[in-house]
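Fold and geometry: a report
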Amino acid sequence: IRRPPRSTLDRSSAASDVYKRQDICDEYASIFDSIFNKQWTGNFECWYQVYKNNEYQEWHDHMPSTLSAIHFLNFKKEHKAPMFQDPIRNLKATMNHAALNERMLETDKYTPEVEEGDIIIFPSYLQHTVPAGKYDLHRVTIALNLNVPL
């Protein structure tokens, strides 16, 4: 999906999915305008995920995109946040040297603290996963990939 043009249509009487989709694209485009502090050019794609009991997402990245984001729409205390992996973990493993700062080897994973409504943005090359969990309520997110010149 290319960065959508700002729409000027009155959608108050339109119930079409096309208009709803355009509204969503307009909203996310505005969010990224404010983050980049300007109207950005490029394209993006988005999709949603609904996780139920014991469902998970395997380790993956979002290459060749530039930036990726996760918007937590329904995210309660029982839900699991995504876990990110240190992109230079393999390099660190080969550099196991006495002079190496021990703290560098402490962990190669990071789990951000997120709340419902949060949007996290990260470089698309970061490997990440969503661990399985026992949920009474569905965990719902929207994921986005941006291809933008930085």
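Remember, it's a predicted structure, so these values are computed and weren't measured experimentally.

As for the layout of surface pockets
It is a probe the size of a water molecule, rolled over the atoms, that shows where empty space is left. If you add up the space inside the largest pocket, you get close to 250 Å³. Contributing to the lining of the largest pocket are Phe75, Lys76, Lys77, His79, Lys80, Ala81, Pro112, Glu113, Val114, Glu115 and Glu116. Class assignment for the residues of the lining of the largest pocket results in four nonpolar, one polar and six charged.

Details of the nonpolar core
In this structure, Cys25, Tyr28, Ala29, Phe32, Trp40, Phe44, Leu67, Ala69, Ile142, Leu144, Leu146 and Val148 together form the largest nonpolar core, which totals twelve residues. At the level of secondary structure, the elements contributing two or more residues to this core comprise helix 1 (17-36), strand 3 (67-74) and strand 8 (139-147). Broken down by element, this core gets its largest block of residues, four residues, from helix 1. If we skip the residues at most four places from it in the chain, Leu67 touches Phe36, Ile121, Phe122, Pro123, Ser124, Leu144, Asn145, Leu146, Val148 and Leu150. Core analysis: the next-biggest nonpolar cluster, separate from the first, contains nine residues, Ile70, Phe84, Val114 and Phe122 among them.

Some thoughts on the sheet that holds strand 3
The strand order across the open sheet built from four strands is 1-8-3-6, with neighbouring strands paired in antiparallel fashion. Each edge of the sheet is formed by a strand with only one pairing partner; in this case those strands are strand 1 (43-51) and strand 6 (119-123). The average angle at which neighbouring strand axes cross in this sheet is 20 degrees, direction not considered. Strand direction decides the pairing type here: strand 3 and strand 8, joined by seven bridges, are antiparallel. Paired with Leu67 across the two strands is Leu146, which belongs to strand 8.

Calculation notes
Residues numbered from 1 in each chain as written. Predicted model: local features only at pLDDT ≥ 70, side-chain atom pairs only at ≥ 80, totals over all residues. Heavy atoms only, no water. 1 Å grid on protein atoms, 1.4 Å probe; cavity = no way out; pocket = protein on both sides within 12 Å on 5 of 7 lines; lining within 4 Å. Points joined across faces, edges and corners; volume = space filled by probe spheres on them. Nonpolar A, V, L, I, M, F, W, Y, C, P; charged D, E, K, R; others polar. Core = buried A, V, L, I, M, F, W, Y, C linked by side-chain atoms within 4.5 Å. Buried < 20%, exposed > 50% of the residue type's maximum accessible area, 1.4 Å probe, protein only. Helix = DSSP H or I, 4+ residues; strand = E, 2+ residues; numbered from the N terminus. Contact = heavy atoms within 4.5 Å. Pairing = 2+ DSSP bridges. Axes fitted to C-alpha atoms, helices over the stretch in contact; angles between N-to-C directions.

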